[in-house]
Amino acid sequence: MESCESMPGLRGPRLPLVGILLALPFLPLLLLPAAPAPRRASYKPVIVVHGLFDSSYSFRHLLDYINETHPGTEVTVLDLFDGRESLRPLWEQVQGFREAVAPIMAKAPQGVHLICYSQGGLVCRALLSVMDEHNVDSFISLSSPQMGQYGDTDYLKWLFPTSMRSNLYRICYSPWGQEFSICNYWHDPHHDDLYLNASSFLALINGERDHPNATAWRKNFLRVGRMVLVGGPDDGVITPWQSSFFGFYDANETVLEMEEQLVYLRDSFGLKTLLARGAIVRCPMAGIAHTAWHSNHTLYETCIEPWLS
């Protein structure tokens, strides 16, 4: 019988005995299972609030973009006050959206992101003011009239067909007019005294009129991690378009930028403090119409995606 050493096909170089002895101490390391791949931290939940006459369907492209760049992100497009219901008074909408976002925030101790479009940006800013324990990391305001609206738009002509911007204050600054969301942020620079006295929403969240909750609301607003302001000169609806960045007209209809506004200079709701800590990001983009802010992919990559941690 042939030994293995002389059988064809089984001959080969032998491992020297010394090499075997030297390799023995490392044998347990070779038998250990491979280390698991490092686990990527999960992304914070995203809550989306729509604008005037909108619904959740309008944000299908934005939803796709987030899923592509941040897979696994929990995204909730709130389906409240859709269509004509978006004309309901803004405080009523704030209450409804508050009840919807509170459970999402409670389940996300690491915080959430808010993406709020047009009129929805004002709803979200009010949420930041009235919610004592909100945990919003990024508040992304997409073409929202943060300092108010003063312009003839198709929306306005549909709602008030016999009125022009120059005389709409007669309607908006009445108790009846304040029952419409548009009038809650109508800001006529030629009738500032009427605005301050009659505005039941914007003048309050801006801290332009004294009220007992002003100090608490300011403290709540300053809980936000950062505020990202998005807008542009080709919007076609927000008037002036700089309102998206807290700029607005003076009595001569000259636009004063955020840093020139009294709400900033007085720091009435925390705007100046927020800027001082580097927590305001301004992202202006030209060439985007009002209805395209939430579907433009370049804008998403530039102004939204970087802040969805």
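Residues numbered from 1 in each chain as written. Predicted model: local features only at pLDDT ≥ 70, side-chain atom pairs only at ≥ 80, totals over all residues. Heavy atoms only, no water.

Enquirer: Give me the lowdown on the state of the cysteines, citing residues and values where you can.
Expert: A complete count under the given rule lists three disulfides for this structure. If the cysteines joined by disulfides in the protein chain are listed in sequence order, their pairing comes out as 1-2, 3-4, 5-6. (Disulfide = S-S within 2.5 Å.)

Enquirer: Before we move on, could you go through the sheet that holds strand β1 (residues 46–49) and cite the residues and values that matter?
Expert: Taken together, six strands build an open sheet; the order of strands is β2-β1-β3-β4-β5-β8 and the sheet is parallel. Two strands in the sheet have a free side with no partner beyond their single neighbour: β2 (75–77) and β8 (280–284). Strand-to-strand twist of the sheet, defined as the mean angle between neighbouring strand axes without regard to direction, takes the value 15 degrees. Relative to β8, strand β5 (residues 226–231) runs parallel, the two sharing five bridges. Across the sheet, residue Gly231 finds its bridge partner in β8, namely Pro284. Contacts from helix α14 (residues 297–304) reach β3 (112–117), β4 (136–142), β5 and β8, with the element oriented near 140 degrees to β4. (Pairing = 2+ DSSP bridges. Helix = DSSP H or I, 4+ residues; strand = E, 2+ residues; numbered from the N terminus. Axes fitted to C-alpha atoms, helices over the stretch in contact; angles between N-to-C directions. Contact = heavy atoms within 4.5 Å.)

Enquirer: If you had to explain helix α11 (residues 214–221) to someone new, which residues and values would you point to?
Expert: Those residues of α11 lying buried are Trp217, Asn220 and Phe221. When α11 is viewed along its axis, its buried side chains cluster within an angular range of 100 degrees and face the same direction. Turned more than 90 degrees off the buried face of α11, the exposed positions are Thr215 and Lys219. For α11, the elements touching its buried residues are α4 (90–106), α5 (119–130), α10 (202–205), β5 and α13 (271–276). (Buried < 20%, exposed > 50% of the residue type's maximum accessible area, 1.4 Å probe, protein only. Arc of directions from axis to C-beta.)

Enquirer: Can you explain the pattern of salt bridges? Please cite residues and give values.
Expert: The full count for this structure, using the stated rule, is six salt bridges. Among the ionic pairs, Asp137 bridges to Lys44, the shortest N-O distance being 3.6 Å. Of this pair, Asp137 sits in strand β4 while Lys44 sits in the loop between α2 (27–31) and β1, and the two are 93 residues apart along the sequence. The class for Asp137 is buried, based on a relative accessible area of 16%. The exposure class assigned to Lys44 is buried, which follows from its relative accessible area of 17%. (Salt bridge = Lys/Arg side-chain N within 4 Å of Asp/Glu carboxyl O.)

Enquirer: Tell me about the pairing of β5, and please be specific about residues and values.
Expert: Taken across its six residues, β5 has five buried, putting it largely inside the fold. The pairing of β4 with β5 spans five bridges and is parallel. Bridge assignment links Ile140 to a residue of β5, and that residue is Val228.

Enquirer: Explain the packing of aromatic side chains to me, and be specific about the residues and the numbers.
Expert: The final tally for this structure, using the stated rule, is 13 aromatic pairs. Between Phe59 and Tyr117 the ring centres are 6.1 Å apart and the planes differ by 75 degrees, which places this aromatic pair in the edge-to-face class. Of this pair, Phe59 sits in the loop between β1 and α3 (60–69) while Tyr117 sits in strand β3, and the two are 58 residues apart along the sequence. Side by side, Phe59 and Tyr117 carry an identical accessibility label, which is buried. Aromatic pair Tyr65 and Tyr300: ring centres 5.5 Å apart, planes at 40 degrees, arrangement tilted. (Phe/Tyr/Trp six-rings, centres within 6.5 Å; stacked < 30°, edge-to-face > 60°.)

Enquirer: Outline the confidence of the model for the protein chain, supporting the account with residue identities and numerical values.
Expert: Predicted confidence across the protein chain gives a mean pLDDT of 89, with 83% of residues reaching 70 or more. Contacts from residues 1–13, a stretch scored under 50 in pLDDT, to residues over four places away or in other chains number six contacts. (pLDDT = per-residue confidence, 0-100.)

Enquirer: An account of unusual backbone geometry is needed here, citing residue identities and associated values.
Expert: Cis geometry marks the peptide bond from Thr239 to Pro240; its omega dihedral reads -10 degrees. Counting through the fold element by element, Pro240 comes out in the loop between β5 and β6 (248–249). Its identity is not glycine, yet Phe53 carries a phi of approximately 65 degrees, on the positive side. Position of Phe53 among the secondary structure elements: in the loop between β1 and α3.

Enquirer: Which residues make up the environment of Val123, and what are the values?
Expert: With respect to the helices and strands, the residue Val123 is situated in helix α5. By relative accessible area, Val123 is classed as buried at 1%. For the pair Val123 and Val94, spaced 29 residues apart in sequence, the C-alpha separation works out to 5.7 Å. Sequence-distant contacts of Val123, defined by excluding residues within four places in its chain, comprise Leu90, Gln93, Val94 and Phe97.

Enquirer: Now, about the side chain of Asn135: what can you tell me, with residues and values included?
Expert: Assignment of secondary structure puts Asn135 in the loop between α5 and β4. A polar contact of 2.7 Å, which involves the side chain of Asn135, links it to the backbone oxygen of Ala108. Once residues within four sequence positions are removed from consideration, Asn135 is found in contact with Met105, Ala108, Pro109, Gly111 and Val112. (Polar contact = N/O pair within 3.5 Å; in protein donor to acceptor, adjacent residues only side chain to side chain.)

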